[in-house]
Amino acid sequence: VNDENMVERSSKFLLIVVGSVCFMLILYQYVAPGVINFGSPHGYFTEEDEGDIFPTPDPHYVKKYYFPVRDLERTIDFQIKGEDVIVFLHIQKTGGTTFGRHLVQNVRLEVPCDCRPGQKKCTCYRPNRKETWLFSRFSTGWSCGLHADWTELTNCVPGVLNKKENKQKNLRKFYYITLLRDPVSRYLSEWRHVQRGATWKTSLHMCDGRTPTPEELPSCYEGSDWSGCTLQQFMDCPYNLANNRQVRMLADLSLVGCYNMSTVPEKKRAQLLLESAKKNLRDMAFFGLTEYQRKTQFLFERTFRLRFIRPFMQYNSTRAAGVDLDNATVQRIEELNELDMELYDYAKDLFQQRQQQGGRTEEAGNRLPTEDYMNQIINRW
């Protein structure tokens, strides 16, 4: 009998110990969420990703620009069943193709986008009706022209959707998003792409209701494409649209007379374009940086309260296609992209400050367990 009592007491003690350990583990997840893999709020991140995807504010980071809180706090109650639409402004050679595929294939949705083999576009309908919630290359196609810019999209998207859905709607909310990339890397990547035969000559460049004349937008090459061009030739063309592409595609071009260079003096034009691009970037719902894939993922998820199924992969962001450059060439590319360099510096600082702002919000928000978070832990067990 004594032996049986001993065994029973030992079993109870063991059960209490195991139960306490389980309780402590669950409690630990609230105190320090994300440290143990099974308790990660997203489920699919590993410990190795932790430092990157959930960045803690860098104590040594020195802010370069002042941004009011309204420019830093970005949490959108995205109404996928309502009238909200995400519009993706895809700038060439910024990793937009990969990001665009993430949007149609990798977002955890009640009704996922319907992507069929062999078809370039997916159908991204709202869960409650046959209307799209995403305006992008892989959902609606190039409906406003190939690589349409801010000027084109803002003037074109509402009308295109009204036509597609055969109804007049002024209630839609448009949330613009984009990606930016280090200007030297982006420029070299575009040169490589053009060298292989890419032209983008079907881009419309619509502005103030018309496309530019050949005099306003001369070609850098004769013939069907510019394949085989050297980097020197690429840099020497004064009309090359690769120069300051990111600023031009984010600015309101109607402020400077579109592509008519004689409307505004050159210096004033540059200043107006840069300020406009900065303003439009600030006002966008979200932007990411090609060089920071996981942080871009995290910021998008937090902004729209949507979750990706698989984590983004960070590819080596070497100076594009293994191009070996001397300092003089790098300096020349930086000069040709002076406005983009300034915009990217500004964007990096805003991106970093949004990460820090989000880190503080996450920290505050994680102190109390949520039902969703608790369910995930229980499901993991």
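Rules used throughout
Residues numbered from 1 in each chain as written. Predicted model: local features only at pLDDT ≥ 70, side-chain atom pairs only at ≥ 80, totals over all residues. Heavy atoms only, no water. Buried < 20%, exposed > 50% of the residue type's maximum accessible area, 1.4 Å probe, protein only. Helix = DSSP H or I, 4+ residues; strand = E, 2+ residues; numbered from the N terminus. Pairing = 2+ DSSP bridges. pLDDT = per-residue confidence, 0-100. Contact = heavy atoms within 4.5 Å. Core = buried A, V, L, I, M, F, W, Y, C linked by side-chain atoms within 4.5 Å. Expected span 1.5 Å × (residues − 1). Phe/Tyr/Trp six-rings, centres within 6.5 Å; stacked < 30°, edge-to-face > 60°. Lys NZ or Arg CZ within 6 Å of the ring centre and 35° of its normal.

(A) Expanded view of the pairing of strand 7 (residues 286-289). Here strand 7 shows two buried faces, one formed by Phe286 and Gly288 and the other by Phe287 and Leu289. In terms of strand pairing, strand 6 (residues 173-180) meets strand 7 through four bridges, oriented parallel. If you follow Leu180 over to strand 7, its bridge partner there is Leu289.

(B) Focus on the confidence of the model for the protein. Mean pLDDT over the protein works out to 85, with 78% of the residues at or above the 70 mark. Every residue in residues 28-53 is under pLDDT 50, and counting partners more than four places away or in other chains gives 63 contacts. In the model, residues 365-381 has pLDDT below 50 throughout and makes 27 contacts with residues more than four positions away in sequence or in other chains.

(C) Region of interest: the nonpolar core. By size, the foremost hydrophobic cluster in this structure holds 67 residues, and its most contacted members are Phe300 and Phe304. Counting residues per element, this core draws most heavily on helix 12 (residues 338-365), which supplies seven residues. Among the nonpolar cores identified, the runner-up in size contains 17 residues, and Tyr187, Leu188, Phe234 and Ala242 belong to it.

(D) A look at the pairing of strand 6. Within strand 6, six of the eight residues are buried, which leaves it mostly tucked inside the rest of the structure. Relative to strand 6, strand 1 (residues 84-89) runs parallel, the two being bridged by six bridges. In the strand pairing of strand 6, Ile86 is matched with Tyr175.

(E) How the structure looks around helix 10 (residues 293-304). Taking 1.5 Å as the rise per residue, helix 10 with 12 residues should run 16 Å; its terminal C-alpha atoms sit 17 Å apart, in good agreement. Of all 12 residues making up helix 10, 12 are buried, and the element is well covered by its neighbours. Of all the residues in helix 10, the buried ones are Gln293, Arg294, Lys295, Thr296, Gln297, Phe298, Leu299, Phe300, Glu301, Arg302, Thr303 and Phe304. Arg305 occupies a position one or two residues after helix 10 and carries a positive phi of about 55 degrees.

(F) Molecular detail of the environment of Tyr176. One can find Tyr176 in strand 6. Of the residues examined, Tyr176 reaches a relative accessible area of 12% and is grouped as buried. The spatial distance from the C-alpha of Tyr176 to the C-alpha of Phe135 is 9.4 Å, given a sequence separation of 41 residues. Once you skip the residues sitting within four places of it in the chain, Tyr176 turns out to touch Val87, Leu153, Thr154, Val157, Met284, Ala285 and Phe286.

(G) Structural detail: the packing of aromatic side chains. Within the structure shown, the criterion is met by 20 aromatic pairs. Relative to Trp133, the ring of Phe78 lies with its centre 6.2 Å away and its plane at 70 degrees, an arrangement referred to as edge-to-face. Pair noted here: Phe78 is in the loop between helix 3 (69-72) and strand 1 and Trp133 is in the loop between strand 4 (129-132) and strand 5 (134-135), with a separation of 55 residues, a long-range link. Here Phe78 falls in the buried class, since its relative accessible area comes to 11%. Taking 6.2 Å as the distance between ring centres and 45 degrees as the angle between the ring planes, the aromatic pair formed by Phe287 and Phe351 counts as tilted. Placement of Phe287 in strand 7 and of Phe351 in helix 12 is noted, with a sequence separation of 64 residues between them. Members of the aromatic cluster, each reached through a chain of ring pairs, are Phe78, Phe88, Phe99, Trp133, Tyr175, Phe286, Phe300, Phe304, Phe308 and Phe312. Residue placement shows Lys278 over the ring face of Tyr346; its charged tip is 4.8 Å from the ring centre. Over the aromatic face of Phe298 sits the side chain of Arg302, whose NZ or CZ is 5.5 Å from the ring centroid.

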